[in-house]
Structure formats: structure tokens, C-alpha cells
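Understanding the architecture of this molecule
So you can see what is in the structure, the chains are spelled out below.
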Amino acid sequence: MIDENTVRHVARLARLRLEPEEEKVMQEELSGILEHIDAIRSMDLDGVPPTTHVLALENVLRADVPRPSLPREEALREADDVVDESFGVPRMD
Amino acid sequence: MALRDLTAAEQVAALQAGETTSLELVDAHLAAVEADDVEAFLAIDGDGARERARAIDAMPERPPLAGVPIAIKDALSTRDIVTTSGSRMLEGFRPVYTATCVQRLQDAGAIVVGKTNMDEFAMGSSTENSAYKNTLNPWDHQRVPGGSSGGSAASVAQRQVPWSLGSDTGGSIRQPAALCGIVGMKPTYGAISRYGLIAFASSLDQVGPFARTVEDAALLLRHMVGRDPMDSTSLDWPGGITLPTATDLAGLRVGVVEELMGEGIEPGVRVAVDSSLKAIEDLGATVVPVSLPSALSGLATYYVLAPAECSSNLARFDGIRYGHPVPADNLLDQYEMTRGQLFGPEVKRRIMLGTFALASGYYDQYYGRAQRVRTLIVREFEAAFEDVDLLASPTSPTVAFPLGDRTADPYAMYLADVCTIPVSLAGLPAISIPCGLSEGLPVGLQLAGPAFSENRLLDSAHALEKALAFDTRPPGLVT
């Protein structure tokens, strides 16, 4: 069971504004899901290392040579607010 | 026979033989795409498709895929077509580049006719989490097509296209393939570049094909696998994908996963799977029971790891570089309001769950433990494949369920992926093929193999498909 304050704290961390009614539903639903997930908390995992990757992959790296990057106007094409050839954002308080 | 009844391989052959043109094929399929009786499409590119068909028809020599139409899950970026990943957050978004896998198919002569509906950001098992609409199951319009790649599955079952692309994180190709009575494959993690796939859970996400035959799935896979400098987890694929030819399963050992044949599996699904196991034996294979003791812990493990990864991946959606922000006076308010209003309920649930599992004070209990359970699951598959060549199980514990049936209970929806998730956690290849009907609805059989066993998996599935002779045409479908 997670409490209301935890829901608010996690929502803040996740940058999600939840309406008061949503917070209540979220608290119930997350608690319900965590009840099922809690099964892994009682498993015997002594000496079992965490998985870092499932296959022994080798990173694919491209050749280290300069190449053209995305043109500025293309990078800005989908932005809602473009100011002086940059992404516009509201002030940070 | 109508053009839409031809498999993709048959369409390629007809084009190479000069019996039809790409434009004729594209027009025949576009008529069904535009009618969209099962609401499979979010965007249609009729003009672009016809233009590319004409260009291919004018080539002195046809490329390998010859001008055959295809549909693409809306999670894959397409430069020329709006890409939303089923979310309001990306309404109207036009990507600046095309996903590598789509580009490779286009270079090989496939023609994209449109983008298919999906659960928002690929989170769901019924496509009901799409911010735009519900897709209907071609076998019964009152039922879900499965998900999250429900539009891609339905479009192939409905014969709007001969094949399509989906993405599979915990079962999002295999489960809708099962529910729609078609073939769906998730290859080994790293087989296909994820560049241009809008990320959900990066350690699990894989692109894969839907088709009505195993041969078509192999043909599509063949043109997508291989290393891509834009995806550091993509792999070389020496030898390539071969088209399946096997007619029997002589000498093969097939393990039946006991944990995935018990409680929670619908009786009708079990009956269909049992009869396909009998067919596997009749084809010359030995069928033995196999135990994967941690398989059923896969679901809980997945619902820690996938949300944790998604909470990080979806941090990029803030309405600033793309999308449309909800205006506010300061930046933090704008972030929170935009994300609070434009993400749907399931996406918010998973972001919350994942943020919780990664938060200070909970990390070791949830994320840390889940990563260790994942190791157990990986090891159990490794041990199983020392004894058997393939593992068999149902793909989905149930047939297609009615629309609205599970939307009020998130965990009931999560259970739809109980059979597909363990394979995903281990990064292994698996294919779902239709193996029979229960209550008039398709049942899928999942075959999984060791990493990089795609060719054997496809060959075995092909031999079994011929023996089962499942009719993929939904009742009443007129082509």
C-alpha cells in the first residue's frame, strides 16, 4: 500500500501534474499492482547478480569522422515556440 | 483469387513475372485501407504510396520486394507520414528521419501505405489505450485485436496489407498475432535496429514482422536484420535469414513449458495447443515437459523493469521540441501540466510505477530485485535449451476478449502477456502461429528458441503451419 504523500512525491519526480481525483485513483491502482509485484520481494535471490544485458553485445560504433548534423531549421520544425532560431520556453522561477 | 488474398511472397512472384503491377496491388489494398472496416489505421499515405508504386513499376529491374504494400506500426518514425505512437503528446508530429528498419524495407521495394493504431507508446494488450480510437478484431468486431500492435495485426488479418511491422516489448507482436489468427515474430534482442522506434523499454524493445504465413515473416525479417551504426545494440547477422523449406520436424526436441500450461490458461486454448503438440510429434519431433520455475515471476519482474525504463525514456516528452505544450507561466508548471494532460491513464500509471521503483528508498526492493529475477529467468532458459531445441506454450492465455472487458482493471490487462513476457526478459526469439480455434476465435502457439536461432524457428514453424493448415480468413471477410 502506498500513501497519498508517496503518490504526490513520485508524481513530482515524474513531472506529472495529477488532479486530486486522479491522485486517489492512482494510489488505489498502484497499490493493487504492487501487491502482485511484491511476490518478487520474497524470492530467494542470494548470490544472483542483476542482469545488465541479456546477450553479450558489443557496442556498434560508427567511424569517428565528421558528418553534417541535422540542419537547424529541421530540428526546430516541430517545435511549438521558436525564438531566435532556438526552442522557446517559459521562464524558470 | 483477389489480389488481397495473395501472400506477400506470391505478390512478389506475380510482380517479377509481370502478371500485375505495383500500382494495381497498391490500389487494391488501398481501397481496403481507406474503407478501414476494423479501424486499423491512424494515417494513410495513398498519394505517396501510388507515387512510389509508379516509380517501382518504371524500374528496368524490380527490387527484391518488388513494390508490395506494407503497413507500419505508428511507433516507428516515418519521415513522410505523421507519427504519433498512439499518443496526443505527438499529435501531428512529422519525424525528421525514417526508422532504419522501415528505410531498409523501402530500399528493398516495399511500399508503405499507412501507419497503424496501437496502445499509447506501446503500453497495453488490447490497443484500447490508443488516444485516438479502438481497433476491432477482424474475427469478431466486438472484441479487441490484442496489443499493443493491434492495428498492425488487424490490418494483416483483414487483408488490408499482406504484412506489417510491429514492435514487441513484452508480447506486443506475438499476442495480437495470436488474437487475430496470423503469424507474428519477435526476433532476438538486437536483430533489428531500434533506430527510429519510439522507445518504451530499451532493454526489451524489438521490431518484428506480422504476416499470414511464416514464409512472408521470414522474407520481411531477411530485409531488416543486421548491424546499424545508429543503434549500438544492433547485431551482425552472418548468413542472413533463409526462407523456410522444412516439411517435417524429424530429430527435433520440443519442450512444453509446464508453468505456462496450467491454471490461468483457458481450456479452449489448452485444447488447441495440445492438438498442435500432437501435430509436432506427428512431424517427427520429440515433445517433452520442461520446467521454468521462475517463468510466472516474469510478469511481476516485467512490471518493474519496463515501467522503470519507460519512466526514463518518456522524460523527453515535454512539449517543447515537438508536440504542443499546455502553456504556463513557468517551465516546471508547463512540464507538469503538459505531461499531466497529454499522457493517457496507462502511460501515467507506468511512469508513476517506474518512477516509484527507481526512487530512493525503493530501488533495491523493486528495481534491484527485478534485475536479479531477470537473471534467474535468463539462466532457466539457458538450462532448458541444453536439453531441447525449441520451447512451446500458448501465446496468450485467452482468445480475444470483448472490448471494454479489462479496461477497468490494469492487472487483468497485464495478465494477457503472461506467456510472452518470460521470453522477452531473456531477449530470445519467438514466433506465434495460429494453431486452431476456440469458440470460433483464433488461438496462437508460441515457439521460442535460443538466441540467434531464427532460421530454425522459422523452418519449424513453417513445417508445423503446413501440417495445421489453419485458414487465416476471418469469417465473412470479402476481398
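Going along each chain's sequence as written, the residues are numbered from 1 onward. Chain A is the first chain written and ligand 1 is the first ligand written, with later ones labelled in order. Given that the model is predicted, a residue must reach a pLDDT of at least 70 before its local features are reported, and side-chain atom pairs must reach 80 or more before they are shown or counted; all residues, however, enter totals for whole chains, interfaces and linings. Calculated side-chain values reflect all of the structure's heavy atoms, with hydrogen atoms and water omitted.

The next thing to look at is the packing of helix α1 (residues 4–13) of chain A against helix α11 (residues 345–358) of chain B. Where α1 of chain A contacts α11 of chain B, the two axes come as close as 9 Å, and the packing angle between them is 100°. Considered as vectors, α1 of chain A and α11 of chain B are oriented roughly perpendicular to each other. Across from Thr6, Val7, Val10, Ala11 and Leu13 of chain A in α1 of chain A, the residues of α11 of chain B making contact are Met352, Thr355 and Phe356 of chain B. Residue composition of the contact of α1 of chain A with α11 of chain B, grouped by class: six nonpolar, two polar and no charged. Helix axes use the C-alpha atoms of the stretch in contact, all axes being lines fitted to C-alpha atoms, and the angles between their N-to-C directions lie in the range 0 to 180 degrees. A run of DSSP states H or I qualifies as a helix once it reaches four residues; a run of E qualifies as a strand once it reaches two. Both are numbered from the N-terminal end. Reported orientations rely on four angle classes, namely roughly parallel under 35 degrees, roughly antiparallel over 145, roughly perpendicular from 65 to 115, and oblique for the rest. Any two residues whose heavy atoms approach within 4.5 Å at even a single point are treated as in contact. Gly is placed with the polar residues, together with every amino acid not listed as nonpolar (Ala, Val, Leu, Ile, Met, Phe, Trp, Tyr, Cys and Pro) or charged (Asp, Glu, Lys and Arg).

Our focus in this paragraph is the side chain of Gln175 of chain B. Residues and elements named next belong to chain B. Here Gln175 lies in helix α6 (residues 174–180). Polar side-chain contacts of Gln175 include one of 2.8 Å to the backbone nitrogen of Gly147. When neighbours within four sequence positions are excluded, Gln175 is seen to be in contact with Ser125, Gly146, Gly147, Thr395, Ser396, Phe401, Ala416 and Asp417. Here a polar contact is taken to be a pair of N or O atoms separated by no more than 3.5 Å, where protein atoms must pair a possible hydrogen donor with a possible acceptor and residues adjacent in sequence count only if both atoms sit in side chains.

Residues and elements named next belong to chain B. Formed by 149 residues in total, the largest nonpolar core has its most connected members in Phe121, Leu165 and Ile431. Per-element accounting of this core gives the leading share, 10 residues, to helix α12 (residues 364–387). The criterion is simple. A nonpolar core is a set of buried Ala, Val, Leu, Ile, Met, Phe, Trp, Tyr and Cys residues joined through side-chain atoms within 4.5 Å. Remark: exposure states derive from per-residue accessible area (1.4 Å probe, protein chains only) relative to the maximum for the residue type, with buried under 20%, exposed over 50%, and partly exposed in between. In terms of nonpolar packing, the next biggest core, distinct from the first, is built from 23 residues, Val38, Ala53, Ala177 and Cys180 among them.

So, on to the pairing of strand β6 (residues 206–211) of chain B. All names here are of chain B. In terms of burial, β6 is largely enclosed, as six of its six residues are buried. Relative to β6, strand β4 (residues 163–168) runs antiparallel, the two sharing six bridges. Counterpart to Ser167 in the pairing with β6 is Val207. When DSSP finds at least two bridges between two strands, those strands are taken to pair. One ladder, built from two bridges, connects strand β5 (residues 183–186) with β6; its direction is antiparallel.

With that settled, consider the interface of chain B and chain A. Each partner contributes residues to the interface: chain B has 72 residues there, and chain A has 53 residues. Reported buried area values correspond to the accessible surface (1.4 Å probe) lost by two parts on association, with both partners' losses combined. Taken together, both faces of the contact between chain B and chain A bury some 5600 Å²; the carbon and sulfur share is 64%. When a carboxyl oxygen of Asp or Glu is within 4 Å of a side-chain nitrogen of Lys or Arg, the pair counts as a salt bridge. Run the count over chain B and chain A and you get seven salt bridges. Note that Asp333 of chain B and Arg17 of chain A form a salt bridge whose closest N and O atoms lie 2.7 Å from each other. One can count 25 residue pairs in polar contact (both at pLDDT 80 or more) joining chain B with chain A. Going through the elements one at a time, α9 (298–313), α10 (331–342), α11, α12 and α13 (410–414) of chain B are the ones with two or more residues in the side of chain B that touches chain A. The element contributing the most residues to the side of chain B that touches chain A is α12 of chain B, with 12 residues. Residues belonging to the side of chain B that touches chain A are distributed by class as follows: 37 nonpolar, 19 polar and 16 charged.

The next point concerns helix α15 (residues 454–468) of chain B. A turn of α-helix holds 3.6 residues, and therefore any two residues three or four places apart point the same way. Residue and element names in this part refer to chain B. The span expected for a helix works out to 1.5 Å for each residue beyond the first. With 15 residues, α15 extends 21 Å from end C-alpha to end C-alpha; this agrees with the ideal 21 Å at 1.5 Å per step. Inspection of α15 places Glu454, Leu457, Leu458, Ser460, Ala461, His462, Ala463, Leu464 and Glu465 among the buried residues, and these make up the whole buried set. Buried residues belonging to α15 abut β5, α7 (214–222), α8 (267–282), β9 (390–394), β10 (430–438) and β11 (441–448). Directly after α15, the chain includes Ala469, whose backbone phi takes a positive value near 50°.

The next thing to look at is the confidence of the model for chain A. Parts of the prediction with low pLDDT should not have their coordinates interpreted in detail. Confidence per residue, as judged by the predictor, is encoded in pLDDT with a range of 0 to 100. Overall, the prediction assigns chain A a mean pLDDT of 92, with 99% of residues at 70 or greater. Ranking the elements of chain A by mean pLDDT puts helix α3 (residues 72–76) of chain A last with 94 and α1 of chain A first with 97.

In this section: the packing of aromatic side chains. Residues and elements named next belong to chain B. Here a Phe, Tyr or Trp ring, Trp counted by its six-membered ring, pairs with any other such ring whose centre lies within 6.5 Å, and the pair is stacked when the planes are under 30 degrees apart, edge-to-face when over 60, and tilted otherwise. Tallied over the full model, the rule gives 14 aromatic pairs over all chains. On the basis of an interplanar angle of 5° and a centroid distance of 3.8 Å, the ring pair of Tyr303 and Tyr414 is categorised as stacked. Of this pair, Tyr303 sits in helix α9 while Tyr414 is found in helix α13, placing the two residues 111 residues apart along the sequence. Taking relative accessible area as the criterion, Tyr414 reaches 1% and is therefore assigned buried. Between Phe381 and Phe385 the ring centres are 6.3 Å apart and the planes differ by 20°, which places this aromatic pair in the stacked class. Here the residue Phe381 and the residue Phe385 both occupy positions in helix α12, the gap between them amounting to four residues, near one helical turn. One exposure class covers both Phe381 and Phe385, and it is buried. Taken together, the ring pairs in this structure connect Phe93, Phe121, Phe317, Tyr322 and Phe343 into an aromatic cluster. When the ring centre of Phe401 is taken as reference, the NZ or CZ atom of Arg406 above it lies at 4.1 Å. Charge-over-ring contacts are defined here by two conditions on Lys NZ or Arg CZ: a distance within 6 Å of the ring centre and an angle within 35 degrees of the ring normal.

What follows concerns unusual backbone geometry. With an omega of 10°, the peptide bond between Gly147 of chain B and Ser148 of chain B qualifies as cis. Along the chain, the position of Ser148 of chain B falls in the loop between β3 (111–116) and α5 (150–157). One non-glycine residue with positive phi stands out, namely Asp84 of chain A, at about 50°. Along the polypeptide, Asp84 of chain A turns up in the loop between β1 (82–83) and β2 (86–87). Phi at Glu439 of chain B takes a positive value of approximately 55°, unusual for a residue other than glycine. Structurally, Glu439 of chain B can be placed in the loop between β10 and β11. Residue classification places Glu439 of chain B among the exposed residues on the basis of a relative accessible area of 68%.

All right, on to the pattern of salt bridges then. All names here are of chain B. Applying the stated criterion across every chain yields a total of 31 salt bridges over all chains. Asp5 is paired through a salt bridge with Arg473; the nearest N and O atoms lie 2.7 Å apart. Here Asp5, found in the segment before α1 (8–16), pairs with Arg473, found in the segment after α15; they are 468 residues apart in sequence, far enough to count as distant. When its relative accessible area of 13% is taken as the criterion, Asp5 is described as buried. Ionic pairing is found between Asp389 and Arg456, a salt bridge with its closest N-O pair at 3.6 Å. In this pair, Asp389 is assigned in the loop between α12 and β9 and Arg456 in helix α15, connecting sequence segments 67 residues apart. Residue Arg456 is classed as partly exposed on the basis of its relative accessible area of 34%.

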